[in-house]
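This is what each chain is made of:
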Amino acid sequence: MDDVAVTPHRARIHEAGWQSWSPTGTYRLNEASPRPQHRWQQLMRFRPESPPPAEGFQSEGVLALDAGEGWTRFYTPADTGDGGCRVPTVRAHQVAGRVVVSADGPMQVSDIDGNVADALVAFGDEWAARCGVRAIATPPSVWCSWYRYFLDVTPADIDENLAAMDRFDLPVDVVQVDDGWQAGIGDWDAYSERFRTLPDLVARIHDRGRRAGIWMAPLTVGSGSRLARDHPDWLVGDGGRNWGQTLHGLDVTHPAATAHLQASLHAVRDLGVDYVKLDFLYTGALSGRRHEDVSPVTAYRQGLAVVREALGHNTYLLGCGAPLLPSVGLVDAMRVSGDVVNPADESADVAQLRGERAIQARAWQHGRFWVNDPDCLIARPGFELRRQWANLIERFGGLRSASDRIGDLDAWGLRTTRRLLSGAPSPRPLDRRLVGQTS
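All values reported here derive from a predicted model rather than from experimental measurement.

(A) A look at the overall build of the chain. Regarding its fold elements, the chain presents 13 helices and 23 strands. A globule of 439 residues ought to have a C-alpha radius of gyration of about 22 Å, and the chain, at 21 Å, matches this closely. When its C-alpha atoms are laid out on the principal axes, the chain stretches across 65 × 55 × 40 Å. Within the chain, buried positions represent 59% of all 439 residues. Long-range contacts, defined as pairs at least 24 residues apart, comprise 74% of the intrachain contacts of the chain with a sequence gap of at least 6. Summed over its atoms, the accessible surface of the chain is roughly 16700 Å², and 48% of this surface lies on carbon and sulfur atoms.

Following this line, the structure appears as structure tokens:
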């Protein structure tokens, strides 16, 4: 597609990952960007059907090349009138002082005076307009159960923290019940045994003057679910493994599957939930046989639009594990990095904060596509990088959420949690100096 002369020691290239958890960053030409080491990583961290090459760079939808001479060339999806449903894979590699660029779909090529960040800002404004992004609302402050209780959360845990929020006067708008309330991955129409009284818990959250939020993965079906057993013809692709089972996408091009999904989402909405974290969304864009012959990205946008309509435009939607460019215009906020900690070991990544590079490299998306979510604040003493993490959230964070058992916080943790939740972040684009920190 293109062949560009560059000044190799000054040139930079921006490689955009496919989804929230994909590596993303701006690199020198002699640097190597991350590659999947295992099949599950290709399925769950990269674009499943597009393994990256052994050398060079692979970007999903947008690639920016700073030639090292004061200007940047950027490659973006051609406007084919499909509303963000075509996101080509772009590759680049260096050959004798030149960078050769190729793509598997139609792209438009633009030049801009400036660096990679200038190019990404220009693209962000254009793509947001193309995808019909509405006015971006100020996000609520959130307490989330995940990083303290993981799959073992109970209604009693939520009640304990509700009382602690009042006792310590924490400015929490939304109390989000994470994974564990549902009967199965795909069985969003039934409660787990522990949460059979979920409607009563939602009522108690409201009685405390707070909003109720919930976690779900509406486009994902686990092989061990009732839905998978009853409707195997609704399953698409291989999305890797989690919860001890194989993950599949839900075929939202199948009318019966769509009707089932809508009914499940209406039930969640009718509980009085108006904040939903939508996780593992990448499964909605898996390749595979569907009821209708459409591309994976088209099916994904169709599915996410069903979710948006069913939950209502007044429900705040946070995407996670989501194909990024195809999600624009359909969610209010988006996770822009991997999980801050490994559930199995909080200290496993003390050498460097997980996702730090991606948070910085995607700063340009905040206020253009949605509100960026760097992930939850963890301020308890057992998290060794809590000070660095709090500083990163304060600099780059849009959505402010906390995920500690409040009773575990020391004086610093309480003070920091209160400060970060109190500071209502602006939904406007970040300061240009922060957006420039992409290398």
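(B) Seen up close, the layout of surface pockets. As a volume, the largest pocket reaches approximately 1200 Å³. Trp-21, Arg-45, Gly-338, Asp-339 and Arg-354 are the residues nearest the centre of the largest pocket, which is lined by 46 residues in total. Those elements that place two or more of their residues in the lining of the largest pocket are α1 (39-45), α3 (146-149), β17 (241-242) and α10 (356-361). Looking at which element gives the most residues to the lining of the largest pocket, the answer is α1, with four residues. Looking at side-chain class alone, the lining of the largest pocket contains 21 nonpolar, eleven polar and 14 charged residues.

(C) Here's a closer look at the environment of Ala-16. Topologically, Ala-16 is positioned in the loop between β2 (12-15) and β3 (25-28). Between the C-alpha atom of Ala-16 and that of Trp-143, which follows or precedes it by 127 residues, the distance is 30 Å. Among all residues touching Ala-16, those that are not within four sequence positions of it are Thr-24, Gln-58, Ser-59, Glu-60 and Val-62.

(D) View of the pattern of salt bridges. Applying the stated criterion across every chain yields a total of 27 salt bridges. For Arg-10, the salt bridge identified is with Glu-69, shortest N-O distance 3.1 Å. Note that Arg-10 is positioned in the loop between β1 (2-5) and β2 and Glu-69 in the loop between β5 (63-66) and β6 (71-77), a separation of 59 residues in sequence. On the basis of relative accessibility, which here comes to 41%, the residue Arg-10 falls in the partly exposed class. On the basis of relative accessible area, Glu-69 is assigned to the partly exposed category, the value being 48%. Overlapping salt bridges bring together Arg-148, Glu-160, Arg-405 and Asp-408 as one network.

(E) The environment of Gly-186, seen in detail. When you line up the elements, Gly-186 lands in the loop between β12 (182-184) and β13 (187-191). For Gly-186, a relative accessible area of 3% translates into the label buried. Here the alpha-carbon distance between Gly-186 and Leu-250, two residues 64 residues apart in the chain, equals 8.5 Å. When sequence neighbours within four positions are dropped, the list of residues in contact with Gly-186 reads Thr-220, Val-221, Leu-227 and His-260.

(F) Broad picture of the pairing of strand β19 (residues 273-278). Counting buried positions along β19 yields five of six residues, so the element is predominantly enclosed. Once the chain exits β19 it traverses helix α8 (residues 296-311) before rejoining the sheet at strand β20 (residues 316-319), and the crossover so formed is right-handed.

(G) Quick peek at unusual backbone geometry. Even without being glycine, Phe-150 reaches a positive phi, approximately 50°. Note on placement: Phe-150 falls in the loop between α3 and α4 (155-167). Although it is not a glycine, Trp-243 sits at a positive phi angle of roughly 55°. Within the secondary structure layout, Trp-243 lies in the loop between β17 and β18 (245-250). Among the residues examined, Trp-243 registers a relative accessible area of 24% and is labelled partly exposed.

(H) Representation of the side chain of Asp-157 in the model. Looking at the element boundaries, Asp-157 is found in helix α4. Not counting chain neighbours up to four residues away, the residues in contact with Asp-157 comprise Tyr-149 and Asp-152.

(I) Fine view of the nonpolar core. Ile-158, Trp-181, Leu-278, Phe-369 and Trp-389 are the most contacted members of the largest nonpolar core, which totals 115 residues. At eight residues, the largest contribution of residues to this core is made by helix α2 (residues 116-130). Dropping the residues within four chain positions of it, Trp-181 is found in contact with Trp-188, Ala-190, Tyr-191, Ser-192, Phe-195, Leu-198, Ile-214, Trp-215, Met-216 and Val-268. Listed in part, the 16 residues of the second largest apolar core include Val-6, Ile-13, Leu-63 and Met-107.

What counts, and at which threshold
- Residues numbered from 1 in each chain as written.
- Predicted model: local features only at pLDDT ≥ 70, side-chain atom pairs only at ≥ 80, totals over all residues.
- Heavy atoms only, no water.
- Helix = DSSP H or I, 4+ residues; strand = E, 2+ residues; numbered from the N terminus.
- Rg over C-alpha atoms; globule rule 2.2 N^0.38 Å.
- Buried < 20%, exposed > 50% of the residue type's maximum accessible area, 1.4 Å probe, protein only.
- Contact = heavy atoms within 4.5 Å.
- Areas by Shrake-Rupley, 256 points an atom, 1.4 Å probe, with all protein chains shown as cover.
- 1 Å grid on protein atoms, 1.4 Å probe; cavity = no way out; pocket = protein on both sides within 12 Å on 5 of 7 lines; lining within 4 Å.
- Points joined across faces, edges and corners; volume = space filled by probe spheres on them.
- Nonpolar A, V, L, I, M, F, W, Y, C, P; charged D, E, K, R; others polar.
- Salt bridge = Lys/Arg side-chain N within 4 Å of Asp/Glu carboxyl O.
- Right-handed = clockwise from strand over helix to strand, strands pointing away.
- Core = buried A, V, L, I, M, F, W, Y, C linked by side-chain atoms within 4.5 Å.

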